[in-house]
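Examining the three-dimensional arrangement
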Amino acid sequence: MRALTFRPGHPGSLEVRELPDPVPGGGELLVDGLAVGVCGTDREIVAGDYGTAPPGREHLVLGHESLGRVRRAPAGSGFAAGDLVVGVVRRPDPVPCGACARGEFDMCRNGQYTERGIKELDGYAAQAWCVEVDYAVALNPGLERVGVLMEPASVVAKAWEQVERIGGRSWFAPQRVLVTGAGPIGLLAALLGAQRGLEVHVLDRVTEGPKPGLVRDLGAEYHTEDMAEVLSRVRPDVVIEATGAAQLVFEAMAGTPSYGIVCLTGVSPAGRRLTVDAGSLNRDIVLENDAVVGSVNANLRHYLQASEALGQADPGWLDRVITRRVPLDRFQDAFSAEDGDIKVVITLDGSGDGAGRG
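Model, not experiment: these values are computed from the prediction. (Residues numbered from 1 in each chain as written. Predicted model: local features only at pLDDT ≥ 70, side-chain atom pairs only at ≥ 80, totals over all residues. Heavy atoms only, no water.)

With that out of the way, let us pick up the confidence of the model for the protein chain. Detailed reading of the predicted coordinates is not advisable wherever pLDDT falls low. When the pLDDT values of the protein chain are averaged, the result is 94; 97% of them are 70 or greater. Note on residues 354-358: pLDDT is under 50 here. Beyond four places in sequence and across chains, it has 14 contacts. (pLDDT = per-residue confidence, 0-100. Contact = heavy atoms within 4.5 Å.)

Right, dumping it as structure tokens:
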């Protein structure tokens, strides 16, 4: 079989290689890979910023945003040949820490977790892969073209869960949410906000292309003005920050009304310096009972929440979030930005459009 591999720490080492066909162990599914999504994490790994190969190996199979079709399943597993599935990314640490021992491996305390396509475990960018039954999630057949959005949707489902848990410390009846960034995470955050019946606002600097229309078709409002102006006019109860832009992060923290909640999902690059009135920021957060929380990764519960959210969404809308589908043979194209890109997908099944025909 063919797989997209790289040598961690070696920029320019990304290549398609022939690998032995996988052999499932007990309690594992054998899956034909259909597609993988490409995100900022993948680009950083390919650039050599991080990533770790399995012990004793130089190469790692890329890909953590998966979609596949079950070829063979163990008896009694609840899965059957032909099922659409995605594989969970993270595995708990072997100690395990208290969080991992309770299934909250997205909150691992000691950092000894492993991750498919990122840290010590091969990813899903292969024409066939195996996954433990306990770390596989079945998808509605109607999500065949868009199921690759499950992993980013799981990250968003966790972010909303965090917001609601924090809000639950007192009476919490949010009306408005501001999402900063109209990339895949931002758009999916807006989708889940709309599904909650909230008034949704999305801020992005792009004025043309598919983003404004996707936001409007959710019944949400699209903004391109300065952050301070949008915050002043919208007065959001919740901000989901999905850009990692340092200036927006601090403006969001300072710009919510009383009992505001800011959930940070974007990762800021290091090295940029800003002048911040830390005293005023601290005063506002304390006196208004505000909260700021970071959220990353997801556990099995969040994947199930994401599956439910995608199942309730308009499949045509989800399909428009995927703006390019690149065959495995042209994988390099997936790592080159093009105008109008939102989510880029590499197809693995030879169909050329990522539809997963089979």
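Now that the structure has been shown, the text picks up again.
Cis rather than trans, the peptide bond between Val95 and Pro96 has omega equal to -15°. In the Ramachandran plot, Asn289 falls in the positive-phi region, its phi being about 55° despite a non-glycine side chain. Checked against the element boundaries, Asn289 lands in the loop between helix H8 (278-287) and strand S17 (291-294). A relative accessible area of 46% means that Asn289 is categorised as partly exposed. One non-glycine residue, Asn297, adopts positive backbone phi at about 65°. Mapped onto the fold, Asn297 is located in the loop between S17 and helix H9 (300-312). (Helix = DSSP H or I, 4+ residues; strand = E, 2+ residues; numbered from the N terminus. Buried < 20%, exposed > 50% of the residue type's maximum accessible area, 1.4 Å probe, protein only.)

A few words now on the pattern of salt bridges. As enumerated under the stated definition, the model contains 23 salt bridges in all. Across the salt bridge formed by Glu65 and Lys343, the nearest N and O atoms sit 2.9 Å from each other. Taken together, the residues span a long stretch of sequence, with Glu65 in strand S5 (residues 65-72) and Lys343 in strand S19 (residues 343-347) at a distance of 278 residues. The same class applies to Glu65 as to Lys343, namely buried. The closest approach of N and O atoms between Arg324 and Asp341, which form a salt bridge, is 2.9 Å. Taken together, the residues span a long stretch of sequence, with Arg324 in strand S18 (residues 322-327) and Asp341 in the loop between S18 and S19 at a distance of 17 residues. Of the two residues, Arg324 and Asp341, both sit in the buried class. Linked by salt bridges that have partners in common, Glu104, Glu161, Arg165 and Arg301 make up one network. (Salt bridge = Lys/Arg side-chain N within 4 Å of Asp/Glu carboxyl O.)

Taken as a whole and judged by the stated rule, the model has three aromatic pairs. Where Phe105 meets Tyr135, the ring centres are 5.8 Å apart and the plane angle is 55°; that geometry is what we call tilted. Residue Phe105 is located in the loop between helix H2 (98-101) and strand S8 (114-116), and its partner Tyr135 is located in the loop between strand S10 (128-132) and strand S11 (136-139); the two are separated by 30 residues in the primary sequence. Across this residue pair, the class does not change: Phe105 and Tyr135 are buried. For the pair Phe172 and Tyr259, a centre-to-centre distance of 6.1 Å together with 55° between the ring planes defines the contact as tilted. On the criterion of sequence distance, the pair formed by Phe172 in the loop between helix H3 (150-167) and strand S12 (176-180) and Tyr259 in the loop between helix H7 (246-255) and strand S16 (261-264) is long-range, its members being 87 residues apart. Seen from the ring of Tyr113, Lys119 lies directly overhead, with NZ or CZ sitting 4.3 Å from the centre. (Phe/Tyr/Trp six-rings, centres within 6.5 Å; stacked < 30°, edge-to-face > 60°. Lys NZ or Arg CZ within 6 Å of the ring centre and 35° of its normal.)

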